[in-house]
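Summary of the model geometry
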Amino acid sequence: MNNNANYYRRIDLPAGDLHVFAHDDLFHAMGAKVLEMANNNLQIPNIRYMSYTPDAHVGVGTCIGTTAVWGMADGFVSPSIVGSDIGCGMRMHLTNLQAEDLQDVKLRRKLVKAIEKRIPVENHARGYFSDIRLENVLRKGLHGLPGKYVPDSYTPRKATSLTHVECSRFRFDEDELDRIPEPMWHRSHRQLGTLGNGNHFIEIQALSVNEENRGIAEQWGLRDGQVVVMIHSGSRSWGGSVNQHCSSQVAKTMSKMGLGTADPKLAYAPLDSEAGRAYTNLMYSALNYAVANRHLMAFAVRDAFKETLGSQAEMSTLYDLMHNYACEEAHSEEPLLIHRKGTTRALPAGHAGNPAPYLDTGHPALIPGSMGTASYLMVGAPEGARNYHSICHGAGRIRSRNATKQLVTVDEFASSMRIGQEDEIVLNHRALESLVDESPQAYKDVDQIIDSVVQARLASVVAKCRPLAAVKG
Ligand code: 5GP
Ligand code: MN
Ligand code: MN
């Protein structure tokens, strides 16, 4: 890669400034549409800041890879800049196993089967957690789960399940929950503990520590060769119901106030309006659902590990964080509303926004790649403040599902997953055809994306993870 290349540019668009944190080549590959979308988003009144991460690509109303900031006092909230899967995020658990313990491909298959048995991936499937009250989860996030699911059984030595998360509970005006119709409640209740389809996944990975950050890795409890579990999922149909319910109200407010842009799919409302308040409150309920849902899946995965590898197998929470959300943060004297759509917060050491266990090091930022390539554990750099501590959230899609299916044959896909070899990345789907559209070729090169984030001094690499097995939605 060219050492002199630029990793940051400020683009002066008609509606305002867009900040892009990406290598020149990645920026040019983004295409013209991403700038058109930025210009639409910059037309929302009182916007303070907007940027793209190197994985930015076209989304509905707003690009995935956007950070957008308003003041709380005169701000706007935008369902389009949160994204449709509200609260979608990543979770990682550390195990006490080493990659050698899973060297036998048959054992990896057994483990995938044991996970599949507990975590249905189909959209209509029922989860295993029918004894949980949905209302409690929506209101209180992790704190709304019955005690037996928030054991420190994850954590034989120290409690990590409630402390090692970006947010274990969002508080909001709970009366708004009544707006969501009954059938949606039933559906969301059934879905607790399910993964959902698309690119959601539970992946078993082996970790290697980056020498440069070995000190931090040790403080986080990471070892070379350690087996870790990465979970990617969101708020299932609850977030969808929230979007559906709020969209007409937001549209009405926009037309009443004479607001709009060239893109009819870009929705927003003043924070201080009925529609803005309703959306913000219900969005928080979806963030609570999402974090609790990832937690429940981890609970089930831990059971699957114990069944497959013996009762001494353990899993502690490394971290859980979101990449589709908006929330109030303190970055200056004045409270700000930060929207992150497909971007990940990465706070550096010493930042007061870190949960207590990570105050000295900065918290882990979990960045997935694809099922056949690496994923990364990053930590924020102090210079990341200029982007409100947002970094990428993955490699980012490079081609549509259809285009991927046309480009990649099943054989090519099988060979990129090393199917049939001793080091096969074991998948839950027996019919590979159904997964070709999620193959590594559907995504940008994650190493290049991470390099851009590092060169722009937003964050640095603590560890790199290679996939051993994946349960795909
Ligand atoms: P999104 O949240 O935008 O739906 O996806 C997040 C990122 O997850 C994608 O940009 C891609 O880099 C990554 N990803 C998608 N599928 C997989 C997978 O099966 N395994 C891993 N490790 N990463 C994936
Ligand atoms: Mn999602
Ligand atoms: Mn996601």
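Quick look at the structure, then. Being a predicted model, the structure only gives us computed values, none of them experimental.

Cut-off values and rules
- Every chain is numbered on its own, with residues counted from 1 as its sequence reads.
- Ligands are numbered from 1 and chains lettered from A, in the order in which they are written.
- At least 70 in pLDDT is required for a residue's local features to be given in this predicted model, at least 80 for side-chain atom pairs to be given and counted, and no such filter applies to totals for whole chains, interfaces and linings, which use all residues.
- Calculation of side-chain values draws on the structure's entire complement of heavy atoms; hydrogens and water are dropped beforehand.
- Metal-coordinating donors are taken as N, O and S atoms lying within 2.8 Å of the metal, or within 3.2 Å when the metal is Na, K or Ca; because water is left out, some sites can appear incomplete.
- Only DSSP runs of H or I covering at least 4 residues are called helices, and only runs of E covering at least 2 are called strands; the numbering of each starts at the N terminus.
- As used here, the term nonpolar core means buried Ala, Val, Leu, Ile, Met, Phe, Trp, Tyr and Cys residues forming a set that is joined through side-chain atoms within 4.5 Å.
- In this scheme, a residue with accessible area under 20% of its type's maximum is buried, one over 50% is exposed, and one in between is partly exposed, where area comes from a 1.4 Å probe on protein chains only.
- Whether two residues are in contact is decided by their heavy atoms, any of which lying within 4.5 Å being enough.
- The axes used here are C-alpha line fits, helices contributing only the stretch in contact, and every angle between their N-to-C directions lies in the interval 0 to 180 degrees.
- Each angle is binned into one of four classes, with values under 35 degrees roughly parallel, values over 145 roughly antiparallel, values of 65 to 115 roughly perpendicular, and all other values oblique.
- If you view the pair so one helix is near and one far, a crossing is left-handed when the near helix is turned anticlockwise from the far one by less than a right angle, and right-handed when it is turned clockwise.
- Gly falls in the polar group here, along with every residue not listed as nonpolar (Ala, Val, Leu, Ile, Met, Phe, Trp, Tyr, Cys, Pro) or charged (Asp, Glu, Lys, Arg).
- One bridge is not enough; two strands pair if DSSP finds at least two bridges between them.
- Nearness of a residue to a molecule or strand requires only that one of the residue's heavy atoms be within 4 Å of it.
- Polar contacts, as counted here, are pairs of nitrogen or oxygen atoms within 3.5 Å of one another; within protein the pair requires one atom able to donate a hydrogen and one able to accept it, and residues that are adjacent in sequence qualify only if both atoms are side-chain atoms.
- Accessible surface is estimated by sampling points in the Shrake-Rupley manner with a 1.4 Å probe; for residues, cover comes only from the protein chains shown.
- The directions from the helix axis to the C-beta atoms form the arc being described.

**Regarding the coordination of the manganese ion (ligand 2)**
Protein coordination at the manganese ion (ligand 2) comes from Asp85 (OD), Cys88 (SG) and His200 (NE2), with a distance range of 2.1 to 2.4 Å. For the manganese ion (ligand 2), the donor residues sit on a single chain with the sequence spacing D-x2-C-x111-H. Between the manganese ion (ligand 2) and the manganese ion (ligand 3), both coordinated by Cys88, there is a metal-metal distance of 3.5 Å. Pair noted here: Cys88 is in the loop between strand E5 (76-77) and strand E6 (89-98) and His200 is in the loop between helix H5 (182-190) and strand E7 (201-209), with a separation of 112 residues, a long-range link.

**Observations regarding the nonpolar core**
Ile115, Ile202, Ile204, Trp238 and Phe305 are the most contacted members of the largest nonpolar core, which has 69 residues in total. Among the elements that take part in this core, helix H8 (residues 274-309) stands out by supplying 18 residues, more than any other. Apart from residues no more than four positions distant in its own chain, Phe305 is found in contact with Thr95, Leu97, Leu111, Ile204, Val227, Val229, Gly310, Ala313 and Met315. One finds Leu13, Leu266, Val446 and Val453 within the second-largest nonpolar core, a separate group that totals 55 residues.

**Regarding the packing of helix H3 (residues 105-118) against H8**
Where H3 meets H8, the axes come as close as 9 Å, and the angle between the chain directions of the two elements is 140°. Judged by the angle between their axes, H3 and H8 are oblique. Note that H3 runs across H8; the crossing there is right-handed. Of H8, the residues touching H3 (which contributes Leu107, Lys110, Leu111, Ala114, Ile115, Lys117 and Arg118) are Ala300, Val301, Asp303, Ala304, Phe305, Glu307, Thr308 and Leu309. Of the residues belonging to the contact of H3 with H8, the class tally is 9 nonpolar, 1 polar and 5 charged.

**Some details on the coordination of the manganese ion (ligand 3)**
All of the protein donors around the manganese ion (ligand 3) are Cys88 (SG), His232 (NE2) and His323 (NE2); their distances to the metal are 2.2 to 2.4 Å. Counting residues between consecutive donors of the manganese ion (ligand 3) along the chain gives the motif C-x143-H-x90-H.

**Things to note about the packing of helix H7 (residues 236-257) against H8**
Closest axis-to-axis distance for the H7/H8 pair is 9 Å, and the angle between their directions is 170°. Of the possible angle classes, the one that applies to H7 and H8 is roughly antiparallel. Contact with H7, carried on its side by Arg236, Trp238, Gly239, Val242, Asn243, His245, Cys246, Gln249, Val250 and Thr253, involves Glu274, Ala275, Ala278, Tyr279, Leu282, Met283, Ser285, Ala286, Tyr289 and Asn293 of H8 and no other residues of that element. Its residues assigned to classes, the contact of H7 with H8 comprises 11 nonpolar, 7 polar and 2 charged.

**Section: the pairing of strand E15 (residues 375-380)**
Most of E15 is tucked away: 6 of the 6 residues are buried. Of the two faces of E15, both are covered, the one formed by Ser375, Leu377 and Val379 as well as the one formed by Tyr376, Met378 and Gly380. Two strands pair when backbone bridges link them, and E15 and strand E18 (residues 459-472) are joined in this way by 6 bridges, in the antiparallel orientation. Along E18, the bridge assignment pairs Leu377 with Ala463.

**Section: the site of ligand 1**
The full set close to ligand 1 counts 17 residues, and Asn199, Glu203, Gly369, His393 and Ala395 are the nearest of them. One nitrogen or oxygen atom from the side chain of Ser375 is found 3.0 Å from a nitrogen atom belonging to ligand 1. Within the backbone of Ala395, an N or O atom sits 2.7 Å from an oxygen atom of ligand 1. When isolated, ligand 1 has an accessible area of 520 Å², and the protein chains bury 92% of it. Taken together, the residues of the shell around ligand 1 sort by class into 5 nonpolar, 9 polar and 3 charged.

**Considering the sheet that holds strand E1 (residues 9-13)**
Taken in spatial order, the 6 strands make up an open sheet running E1-E2-E3-E4-E12-E11, and their pairing is mixed. Each end of this open sheet is capped by a strand with a single partner; those strands are E1 and strand E11 (324-330). With direction set aside, neighbouring strand axes in the sheet form an average angle of 20°. Where helix H2 (residues 33-42) meets the sheet, its contacts fall on E1, strand E2 (16-20) and strand E3 (49-57), and the angle it forms with E3 comes to roughly 155°.

**Considering the side chain of Ser460**
As for its placement among the helices and strands, Ser460 is situated in strand E18. A distance of 2.9 Å separates the side chain of Ser460 from the side chain of Asn213, its partner in a polar contact.

**A short note on the environment of Asp17**
Tracing the backbone shows Asp17 in strand E2. A residue is classified by how much of its surface remains accessible, and Asp17, at 30% relative accessible area, is partly exposed. Counting along the chain gives 32 residues from Asp17 to Tyr49, while the straight-line C-alpha distance between them is 7.6 Å. When near neighbours in sequence (up to four residues on either side) are disregarded, Asp17 contacts Arg10, Ile11, Asp12, Leu42 and Met50. Of the polar contacts made by the side chain of Asp17, one reaches the side chain of Arg10; its length is 3.0 Å.

**Concerning unusual backbone geometry**
Of note, Tyr388 is a non-glycine position whose phi angle comes to about 50°, a positive value. Note on placement: Tyr388 falls in the loop between E15 and strand E16 (390-391). With phi around 60°, Arg457 is a residue other than glycine that occupies positive phi space. With respect to the element layout, Arg457 can be found in the loop between helix H11 (446-455) and E18.

**Re H11**
Val446, Ile449, Ile450, Ser452 and Val453 are the residues of H11 that are buried. The buried residues of H11 occupy one face: seen down the axis, they fall within an arc of 155°. Close packing links the buried residues of H11 with helix H1 (24-29), E3, strand E14 (365-367), E15, E16 and E18. Capping the start of H11 is the job of one residue whose side-chain oxygen sits 2.9 Å from the backbone nitrogen of Asp447: Asp445.

**Here's the deal with the pairing of E11**
Burial analysis of E11 places 5 of its 7 residues in the buried class, which makes it a mostly covered element. Across 7 bridges, the pairing between E11 and strand E12 (residues 335-341) is antiparallel. Along E12, the bridge assignment pairs Asn324 with Lys341. As consecutive antiparallel partners, E11 and E12 are separated by 4 residues.

Geometry only, nothing functional implied.
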